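Examining the three-dimensional arrangement
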Amino acid sequence: MCFRTRLVCFGALLACVAHAQDSDRADWLRNPAMGNYKAYAEFKMAHYTLAREVWQTLAEVGNGDALFNLGILAEDGLGEARDLSKAQALYISAAQRGNFKAQYRLGLLYSVGQLLPKDTEKARLYLSLAAQSGDRDAQGMLAHLDAPATPPTPLQQADLWSASGEHAKAAALYRTLAAQQNASAQTRLAWLHEAGRGVPQNLAEAARLFALAATGGEAEAQYALSVMLRTGRGQDKDLAQSLLWLQRAAAQGHVSAVAALASWQAATPP
C-alpha cells in the first residue's frame, strides 16, 4: 500500500471516529461499538443524561458493556439518585451476558459486604467467571478469597476499600502505588479523579494519569485516553492521537477498543 493510500485510509478512519459523536439511536443499534464509544465520551464530559440515553438504548438489546456502565451511574449516583439495588441488578444482568468488569465488580462487592450484603459464595462465583475470561485482577482476588489468611496486595487492598465505599482511603493508596509507576493504580486513580470519588473532580489530572498508564502499556488507560483526546476533556483535542491510542488498546485485545476499531474499519471505504 502506498504512502498516499495509507494517508487516505487514516483520514477516513478519523472521520469515522468523529462521526461517533454525531450518531443517533439507529446508529447505536446498528453499531453498538460506536454507541458505547459515544456514550463513554459523553460520560467523560460529565454529560450523564446523554450517556445514559445511549447505554439504555443498547441495554434494551442486552449489550453487556451498556448494562455495566448503567450500573456505574446508579452505584455512584452520577446524574441520578444513588441506587445500590438498581446497580446490583444491572451488574448481574451484565455479568450474565459475559461482561467481566461486572463480574469483577460483583465479586468485590460481595467480598467486602459493605455496599451489598456479604456473600462469599457469590463473590467466588463472579470472581471465577471473570478469572475464566482472563482477568488478572479477578484471578488475584480469587486467590486471596481462597486464602483469607494471606494479606491482600496493596492494589487489592485499595480495590477492596473502593468496593467498601472508602474512596478517600483507596485514592491515597492508589496515589502511593501510582508514584511507583504502577499503571493499574494510575488508571484507577484517574477514574476517581474523573468522577470525583474520594478526591476532587479533576479532569486534567485524570488525563495526566491516563497518559502515564497508557504509556506504561495499560490497555484500559489507552482506551480512556483515546476517548479524552477525542472529546478534548482534560487536554487538547487530537483526533489523530485519539485513533493511535485506540489502535494500541485494540492491539492488546481490549474488547471495547477492538470492537470500536473494527466497526470503523468496516465503515471505511476500501
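Residues numbered from 1 in each chain as written. Predicted model: local features only at pLDDT ≥ 70, side-chain atom pairs only at ≥ 80, totals over all residues. Heavy atoms only, no water.

**What about the overall build of the protein chain?**
So the rule is basically this: Elements are defined by DSSP. Helices are runs of H or I of four residues or more, strands are runs of E of two residues or more, and each kind is numbered from the N terminus. Relative accessibility decides the category of a residue: with a 1.4 Å probe and only protein chains considered, values under 20% of the type maximum give buried, values over 50% give exposed, and everything between is partly exposed. Contact between two residues is taken to exist if any of their heavy atoms lie within 4.5 Å; hydrogens are not considered. Every accessible area reported is derived by Shrake-Rupley at a probe size of 1.4 Å, with residue values counting cover from the shown protein chains alone.
Check the secondary structure of the protein chain and you find 16 helices and 0 strands. For the protein chain, the proportion of its 270 residues judged to be buried stands at 51%. Partitioning the intrachain contacts of the protein chain with sequence separation of at least 6 by distance along the chain shows that 47% fall at a separation of at least 24. Total accessible area on the protein chain stands at roughly 12,000 Å², and carbon and sulfur atoms take up 55% of it.

**What about the layout of surface pockets?**
Empty space among the atoms becomes visible once a probe the size of a water molecule is rolled across them. Cut-off, in case you're wondering: A cavity here means a set of points on a 1 Å grid, drawn over the protein atoms and nothing else, where a 1.4 Å probe fits but cannot get out; a pocket is an open set with protein on both sides within 12 Å along at least five of seven lines, and a residue lines either one if it has an atom within 4 Å of a point. Grid points are joined across faces, edges and corners, and a volume is the space filled by probe spheres set on the points. Note on residue classes: Ala, Val, Leu, Ile, Met, Phe, Trp, Tyr, Cys and Pro are nonpolar, Asp, Glu, Lys and Arg are charged, and everything else, Gly too, is polar.
What the largest pocket holds in volume is close to 1,500 Å³. Looking at the largest pocket, it is lined by 45 residues, and the ones nearest its centre are Phe100, Lys101, Asp137, Trp191 and Glu220. Considering each element in turn, the lining of the largest pocket owes the most residues, 7 residues, to helix H12 (residues 183-195). Here the residues of the lining of the largest pocket are counted per class, giving 16 nonpolar, 15 polar and 14 charged.

**Focus on the pattern of salt bridges**
Going by this rule: Think of a salt bridge as a Lys or Arg side-chain nitrogen and an Asp or Glu carboxyl oxygen that are within 4 Å of each other.
Scanning the entire structure with this criterion turns up 15 salt bridges. Of the charged contacts in the structure, one is a salt bridge between Arg188 and Asp137, with a shortest N-O distance of 2.8 Å. In this pair, Arg188 sits in helix H12 while Asp137 sits in helix H9 (residues 136-146), placing the two residues 51 residues apart along the sequence. Take Arg188: its relative accessible area is 8%, and that puts it in the buried class. According to the relative accessible area criterion, Asp137 is partly exposed, its value standing at 28%. Linked through salt bridges whose partners overlap, the residues forming this network are Arg52, Glu80 and Lys86.

**Overview of the nonpolar core**
So the rule is basically this: For this analysis, a nonpolar core means a set of buried residues of the types Ala, Val, Leu, Ile, Met, Phe, Trp, Tyr and Cys, connected via side-chain atoms within 4.5 Å.
Ranked by internal contacts, the top residues of the largest apolar core, which has 83 residues, are Phe43, Trp55, Tyr174, Phe210 and Leu246. Sequence-distant contacts of Phe210, defined by excluding residues within four places in its chain, comprise Lys44, Thr187, Ala190, Trp191, Glu194, Ala221, Ala224, Leu225 and Met228.

**Here's the deal with the side chain of Thr231**
Here is the rule we go by: We call two N or O atoms a polar contact when they sit within 3.5 Å, provided that within protein one can donate a hydrogen and the other can accept it, with sequence-adjacent residues counted only if both atoms are side-chain atoms.
Mapped onto the elements of the fold, Thr231 is located in helix H14 (residues 219-231). A polar side-chain atom of Thr231 sits 3.2 Å from the main-chain carbonyl oxygen of Met228.

**Points about the confidence of the model for the protein chain**
Put simply, the rule reads: For every residue, the predictor assigns a confidence score, pLDDT, that lies between 0 and 100.
In the predicted model, the protein chain carries a mean pLDDT of 88, and 90% of its residues have values of at least 70. Ranking the helices and strands of the protein chain by mean pLDDT puts helix H11 (residues 167-179) first, with 98, and helix H1 (residues 3-19) last, with 42. The model gives residues 1-19 a pLDDT under 50, and that stretch makes 28 contacts with residues more than four places away or in other chains.

**Some points on helix H15 (residues 239-251)**
Filter applied, for reference: Any helix carries an expected span of 1.5 Å times its number of residues minus one. This arc corresponds to the set of directions leading from the helix axis out to the C-beta atoms.
Over its 13 residues, H15 runs 18 Å from end to end, which matches the ideal 18 Å to within 8%, given 1.5 Å per residue. Buried residues of H15: Ser242, Leu243, Trp245, Leu246, Ala249 and Ala250, and no others. All buried residues of H15 project into a common sector of 165° when viewed along the axis, lining one side. Once H15 ends, the next one or two residues include Gly253, with phi positive near 90°.

**Brief notes about the environment of Ala251**
Among the structural elements, Ala251 can be located in helix H15. For the pair Ala251 and Ala219, spaced 32 residues apart in sequence, the C-alpha separation works out to 8.8 Å.

**Looking at helix H6 (residues 84-96)**
Along its 13 residues, H6 runs 18 Å from first to last C-alpha, staying within 8% of the 18 Å computed at 1.5 Å per residue. Those residues of H6 that fall on the buried side of the exposure criterion are Ala87, Leu90, Tyr91, Ala94 and Ala95. Taken down its axis, H6 places every buried residue within 135° of arc, on the same side. Summarising the geometry of H6, the exposed residues directed more than 90 degrees from the buried face are Ser85 and Gln96. Lining the buried residues of H6 we find helix H5 (64-76), helix H7 (100-112) and helix H8 (120-132). Looking at where H6 begins, the residue whose side-chain oxygen comes 3.2 Å from the main-chain nitrogen of Ser85 is Asp83. Among the residues trailing H6, Gly98 stands out with phi positive, at a value near 85°.

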